[in-house]
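Topology and contacts: notes
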Amino acid sequence: MATTDWNPLLRAEFDQPYWTELQDFVAGERRHHTVYPPHEDVFAALHLTSYADLKVVIVGQDPYHGPRQAHGLAFSVRSGVQVPPSLRNIHKELHDDLGLPIPDHGNLEPWARSGVLLLNTSLTVRAGQAGSHSGHGWETFTDRVTDVAAAHEEPVVFILWGNHARRKRERVDTSRHGIIESTHPSPFSASNGFFGSKPFSRANEELIRLGREPVDWSLVGSDPTEPGMH
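Residues numbered from 1 in each chain as written. Predicted model: local features only at pLDDT ≥ 70, side-chain atom pairs only at ≥ 80, totals over all residues. Heavy atoms only, no water.

1. Side note on the overall build of the chain
Our working rule: Starting at the N terminus, helices and strands are each numbered in turn, a helix being any DSSP run of H or I of at least four residues and a strand any DSSP run of E of at least two. Think of it in three bands: with a 1.4 Å probe and only protein chains considered, a residue is buried below 20% of the maximum accessible area for its type, exposed above 50%, and partly exposed in between. Throughout, a contact is declared for two residues whenever any of their heavy atoms are within 4.5 Å. Residue-level accessible areas treat just the shown protein chains as cover; the underlying method is Shrake-Rupley with a 1.4 Å probe. Charge convention: Lys and Arg are scored as positive, Asp and Glu as negative, and His as well as the terminal groups of each chain are ignored. Charge coordinates come from a single atom per side chain, which is NZ of Lys, CZ of Arg, CG of Asp or CD of Glu.
Each helix and strand in the chain was counted, giving 8 helices and 6 strands. Counting helices and strands in the order they occur from the N terminus, the chain gives α-α-β-α-β-α-α-β-β-α-β-α-β-α. With the C-alpha coordinates of the chain rotated into their principal frame, the extents come out at 45 × 40 × 40 Å. The burial tally for the chain puts 54% of its 230 residues in the buried class. The long-range fraction of contacts in the chain, counting pairs at least 24 apart against all pairs at least 6 apart in sequence, stands at 69%. Accessible surface, the chain as shown: approximately 10,400 Å² in total, 48% of it carbon and sulfur. Considering the chain, the positive charge centre built from 21 side chains and the negative charge centre built from 29 side chains are found 3 Å apart.

So, in structure tokens, the structure goes:
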């Protein structure tokens, strides 16, 4: 992992036996299969969201497993890539919750640059096989990322979507931080608790309660590929 302000806080993980085994596993998978996201994007969330600016952690499951989709930010796809169903549901809830217009792109980099860490519980996946890299060590690493986020000197709001994400709850001191949880936004579960959960307004209410600035959740006019957004 290249240097970010997360690096000194996570560096000890890279000397752990599980980390070596995990990296060997992913390298082997890349030799024999297509793996998403590309190697250079695996830690994109930790590069785009600085630890110093951290306000919100959104936790998902594992990366999209279709071509060109995953780029290292949970739920996000690059501009020009068709918006996946889970993200369409996030867009719908964003509109229903805050009244914000639904964007014509799926790039969540503006959130990432605004202090929202978009973290999956597993950071890689084999093409076409959801959950295929679960149980190989990524959860241990993302537990540690959660621990570091929960040790932030300023309060943070954790948004946990789906059962994999909700397992991180036990790592967060709820007397210091906010927690918002629901089912996953996928079409299989969104109607069972995600729709109507108002995570965006609730996160901002929590941030204000905790003495922090709210997040600008707007994605229209914030496509990173548009002129002036670089």
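What follows picks up the thread again.
2. Describing the sheet that holds strand β3 (residues 116–120)
Here is the rule we go by: Any two strands with at least two DSSP bridges between them are considered paired. Note on geometry: axes are lines fitted to C-alpha atoms, helical ones only across the stretch in contact, with angles between N-to-C directions running from 0 to 180 degrees.
Read from one edge to the other, the open sheet built from 4 strands follows the order β3-β2-β5-β6, with strand pairing classed as parallel. Edge positions in the sheet fall to β3 and β6 (178–182), since each of these pairs with one other strand and no more. Ignoring which end each strand starts from, the neighbouring axes of this sheet average 15° apart. On the sheet, helix α6 (residues 138–150) packs against β2 (56–60), β3 and β5 (157–161) and is oriented at approximately 155° with respect to β3.

3. Concerning the nonpolar core
So the rule is basically this: The criterion is simple. A nonpolar core is a set of buried Ala, Val, Leu, Ile, Met, Phe, Trp, Tyr and Cys residues joined through side-chain atoms within 4.5 Å.
Within the largest apolar cluster, 64 residues are counted, with the highest numbers of intra-cluster contacts made by Trp 6, Ile 58, Trp 111, Phe 141 and Trp 217. Among residues more than four places away in sequence, those in contact with Phe 141 are Leu 10, Glu 13, Phe 14, Tyr 18, Trp 19, Phe 43, Leu 46 and Leu 123.

4. A word on the environment of Leu 123
Take Leu 123: it is sitting in the loop between β3 and β4 (125–126). Given the relative accessible area of 9%, Leu 123 is considered buried. Along the backbone, Leu 123 and Ser 76 are 47 residues apart, and their C-alpha atoms lie at a distance of 13 Å. Setting aside residues up to four positions removed in sequence, Leu 123 forms contacts with Tyr 36, Pro 37, Val 42, Phe 43, Pro 63, Trp 138, Phe 141 and Thr 142.

5. What about the layout of surface pockets?
Once rolled over the atoms, a probe with the size of a water molecule shows which space is left empty. Put simply, the rule reads: Only protein atoms enter the 1 Å grid, on which a cavity is a set of points fitting a 1.4 Å probe that cannot get out and a pocket is an open set with protein on both sides within 12 Å along at least 5 of 7 lines, lining residues being those with an atom within 4 Å of a point. Grid points are joined across faces, edges and corners, and a volume is the space filled by probe spheres set on the points. Each residue is assigned to one of three groups, with Ala, Val, Leu, Ile, Met, Phe, Trp, Tyr, Cys and Pro labelled nonpolar, Asp, Glu, Lys and Arg labelled charged, and all others, Gly among them, labelled polar.
Of the voids in this model, the largest pocket is the one considered here, and its volume is about 510 Å³. Lining of the largest pocket is provided by 29 residues; of these, Asp 62, Pro 63, Tyr 64, Ser 86 and His 184 occupy positions nearest its centre. The set of elements that each furnish at least two residues to the lining of the largest pocket consists of α3 (44–48), α4 (85–98) and β3. By residue class, the composition of the lining of the largest pocket is 18 nonpolar, 10 polar and 1 charged.

6. Considerations on the pattern of salt bridges
To keep it simple, the criterion reads: We count a salt bridge whenever a side-chain nitrogen from Lys or Arg sits within 4 Å of a carboxyl oxygen from Asp or Glu.
Applying the stated criterion to the full structure yields 12 salt bridges. Where Arg 171 meets Asp 147, a salt bridge forms, and the shortest distance between an N and an O atom there is 2.8 Å. One end of the pair, Arg 171, is in the loop between α7 (163–166) and β6; the other, Asp 147, is in helix α6, and 24 residues separate them in sequence. Residue class for Asp 147 comes out partly exposed when judged on its relative accessible area of 22%. Salt bridges linked by common partners bring Asp 143, Asp 147, Lys 168 and Arg 171 together as one network.

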